[in-house]
Amino acid sequence: MPDTAAPRAPADSAADRFGRPEGGWRLALYTVIFEADTRAGRTFDVVLIWLILASVAVVMLDSVGAIGSRLGGVFGVLEWSFTVLFTLEYVARLACVRRPRRYATSAFGIIDLLAVLPTWLALLAPGLHALIDVRILRLLRIFRVLKMGAYVAEYRALGAALAASRRKIAVFLSFVLMVVLVMGTLMYVVEGADNGFTSIPLGIYWAITTMTTVGFGDVTPKTDLGRAIASVMMLLGWGILAVPTGIVSAEFTAQRVRREPTTRTCHECLSEGHEAHARFCRDCGAALPPYRRD
């Protein structure tokens, strides 16, 4: 019977946001780049992950003086190779979607651009070196590691869990801010400038470092009442640190219970996200081809 009860594909799927092409080479390229249920799509994702890791490793090793001085030429060739490959990937993504501007302004589109922009800027604008240290541009290449989030399902699950928990986390953070504001002000009144608490912002700084159990020790209470307040802050910090972990963990558990749709697509109306067991399209009712995961 038709799969009318199946849940709709996520509203933020690539097909909904960027537009799935209807056919031709653009559809073939889109299937490889944005859909991972085929062997070609999975191979593309795995190769890209290794390229990202290798490029980040090159940037990190190049920052080590002893290694960079000996292998600077090799690192330069590798860096340009990675830049060209990531540039081609970025252009291919823009070329195979119907709404390239929407992809370019999305989070992953901006990350893809940041992954290649510093190297091209250093080449196209030599005068830029007089305005900004080139090391800052090289540092921006670390943004490539963020590209992994687009190809690893666990990263996407983490992002979805954080997005679903954002209101709870916002309420929790507002509570923490109120606590450190009150306790920092209280310590400023109790200890005073003579004991190092010269301002309310400094008291808030102490409250944050104490609540997070960092405790740098650069500002410490000297009075008995101040130490009692510090003890309460330390004990309070243990409980507060566990709250966001519980919020995100609960959302992870809820996501595992849900049935995640695939990138399976109807050949008639091109809607995607049908479950693996579905026999008919939930939108137009057309028969779906057999689902194959190679």
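Scoring rules and cut-offs
Per chain, residues are indexed from 1 in the order of the written sequence. Residues qualify for local features only when their pLDDT is at least 70, as the model is predicted, and side-chain atom pairs are given and counted only at 80 or more; totals for whole chains, interfaces and linings, by contrast, use all residues. The basis for every side-chain value is the complete set of heavy atoms in the structure, and neither hydrogens nor water enter the calculation. Starting at the N terminus, helices and strands are each numbered in turn, a helix being any DSSP run of H or I of at least four residues and a strand any DSSP run of E of at least two. Per-residue accessibility, obtained with a 1.4 Å probe over protein chains only, is compared with the maximum for each type, and a residue is labelled buried under 20%, exposed over 50%, and partly exposed between these values. All accessible areas in this document rest on Shrake-Rupley with a 1.4 Å probe, and a residue is counted as covered only by the protein chains that are shown. Simply put, an axis is a line fit to the C-alpha atoms, just over the touching stretch for a helix, and the angle between two N-to-C directions goes from 0 to 180 degrees. Each angle gets one of four labels, with under 35 degrees taken as roughly parallel, over 145 as roughly antiparallel, 65 to 115 as roughly perpendicular, and the rest as oblique. Throughout, a crossing is termed right-handed when the near helix is turned clockwise from the far one, and left-handed when it is turned anticlockwise from it by less than a right angle. Contact definition: two residues touch when any of their heavy atoms are within 4.5 Å. Note on residue categories: nonpolar means Ala, Val, Leu, Ile, Met, Phe, Trp, Tyr, Cys or Pro, charged means Asp, Glu, Lys or Arg, and polar means any other residue, Gly included. Helices are assigned an expected span. That span is 1.5 Å times one less than the residue count. Two aromatic rings from Phe, Tyr or Trp, using only the six-membered ring of Trp, form a pair when their centres are within 6.5 Å; if the ring planes differ by under 30 degrees the pair is stacked, by over 60 it is edge-to-face, and anything between is tilted. Counting as a charge over the ring demands two things of the Lys NZ or Arg CZ atom: a distance within 6 Å of the ring centre and an angle within 35 degrees of the ring normal. Nonpolar cores were defined as sets of buried Ala, Val, Leu, Ile, Met, Phe, Trp, Tyr and Cys residues, with membership established by side-chain atoms within 4.5 Å. Any residue with relative accessible area above 30% and no salt bridge may belong to a patch, with like charges joined within 9 Å and the nonpolar Val, Leu, Ile, Met, Phe, Trp and Tyr side chains within 5 Å. By salt bridge we mean one thing: a side-chain nitrogen of Lys or Arg within 4 Å of a carboxyl oxygen of Asp or Glu. Each residue gets a pLDDT score, which is the predictor's confidence in that residue and runs from 0 to 100.

**Thoughts on the overall build of the protein chain**
(1) Moving on: In terms of helices and strands, the protein chain carries 11 helices and two strands.
(2) Moving on: Listing every helix and strand of the protein chain by position from the N terminus yields α-α-α-α-α-α-α-α-α-α-α-β-β.
(3) Moving on: Buried positions account for 35% of the 294 residues belonging to the protein chain.
(4) Moving on: As displayed, the protein chain offers around 17,100 Å² of accessible surface, 68% of which is attributable to carbon and sulfur atoms.

**Looking at the packing of helix α2 (residues 24–34) against helix α4 (residues 65–96)**
(1) Moving on: One can describe the packing of α2 onto α4 by two numbers: an axis separation of 9 Å at closest approach and a directional angle of 125°. On the basis of their axis angle, the class for α2 and α4 is oblique. α4 is crossed by α2, and the crossing has left-handed handedness. For the pair α2 and α4, contact is made by W25, R26, L29, Y30, I33 and F34 and by A92, R93, A95 and C96, respectively.
(2) Moving on: Of the residues contributing to the contact of α2 with α4, the split by class is eight nonpolar, no polar and two charged.

**So, helix α9 (residues 166–191)**
Note on helix geometry: an α-helix contains 3.6 residues per turn, so any two residues three or four positions apart are oriented the same way.
(1) Moving on: An ideal rise of 1.5 Å per residue puts 38 Å on 26 residues; α9 measures up with 36 Å between its terminal C-alpha atoms.
(2) Moving on: Taken residue by residue, α9 has I169, F172, V176, V179, V180, M183, G184, M187 and E191 as its buried positions.

**Let's talk about the packing of aromatic side chains**
(1) Moving on: Enumeration over the complete set of coordinates arrives at seven aromatic pairs.
(2) Moving on: Each ring, one from F34 and one from Y103, has its centre 6.0 Å from the other, and the planes form 90°; the classification is edge-to-face. Separated by 69 residues along the polypeptide, F34 in helix α2 and Y103 in helix α5 (residues 100–104) bring together distant segments of the chain.
(3) Moving on: Classification of Y103 by relative accessible area gives buried; the value is 2%.
(4) Moving on: Arranged with centres 5.9 Å apart and planes meeting at 75°, the rings of F197 and W206 form a pair that is edge-to-face.
(5) Moving on: For F197, a relative accessible area of 0% corresponds to the buried category.
(6) Moving on: Take W206: its relative accessible area is 4%, and that puts it in the buried class.
(7) Moving on: Just above the ring of F34 sits the side chain of R93; from NZ or CZ to the centre is 5.1 Å.

**Focus on the nonpolar core**
(1) Moving on: With 16 residues, the main nonpolar core has V176, V180, M183, W206, A207, M211 and M233 as its most contacted residues.
(2) Moving on: Counting residues per element, the ones that place at least two in this core are α9, α10 (200–211) and α11 (224–257).
(3) Moving on: When neighbours within four sequence positions are excluded, M183 is seen to be in contact with A207, I229 and M233.
(4) Moving on: In terms of nonpolar packing, the next biggest core, distinct from the first, is built from nine residues, Y90, A92, C96 and V97 among them.

**Some remarks on a nonpolar patch on the surface**
(1) Moving on: A cluster of nonpolar side chains, namely W80, V84, L85, L88, L123 and L124, defines an oily patch on the protein surface of about 570 Å² accessible area.
(2) Moving on: Among the elements that take part in the nonpolar patch, α4 stands out by supplying four residues, more than any other.
(3) Moving on: For L123, the position within the fold is in helix α6 (residues 107–124).

**Thoughts on helix α3 (residues 39–62)**
(1) Moving on: In this model, α3 (24 residues) spans 35 Å end to end at C-alpha, consistent with the 34 Å of a helix rising 1.5 Å per residue.
(2) Moving on: Of all the positions in α3, only G41, D45, L48, I49, I52, S55, V56, V58 and V59 are classed as buried.

**Quick word on the pattern of salt bridges**
(1) Moving on: Considering all chains together, one arrives at two salt bridges under this definition.
(2) Moving on: Across the salt bridge formed by D112 and R93, the nearest N and O atoms sit 3.9 Å from each other. Of this pair, D112 sits in helix α6 while R93 sits in helix α4, and the two are 19 residues apart along the sequence. We note that D112, like R93, is buried.
(3) Moving on: Residues joined by salt bridges that share partners form a network here, namely E89, R93 and D112.

**Quick notes on the confidence of the model for the protein chain**
(1) Moving on: Looking at the protein chain as a whole, its pLDDT mean stands at 78, while 78% of the residues score no less than 70.
(2) Moving on: Ranking the elements of the protein chain by mean pLDDT puts helix α7 (residues 134–140) last, at 52, and α10 first, at 91.
(3) Moving on: Here residues 128–135 is modelled with pLDDT under 50, and outside its nearest four sequence neighbours on either side it reaches four contacts, counting other chains as well.

**Points about the environment of E35**
(1) Moving on: Mapped onto the secondary structure, E35 falls in the loop between α2 and α3.
(2) Moving on: Under the relative-accessibility criterion, E35 is labelled buried at 7%.
(3) Moving on: For the pair E35 and D45, spaced 10 residues apart in sequence, the C-alpha to C-alpha distance is 9.5 Å.

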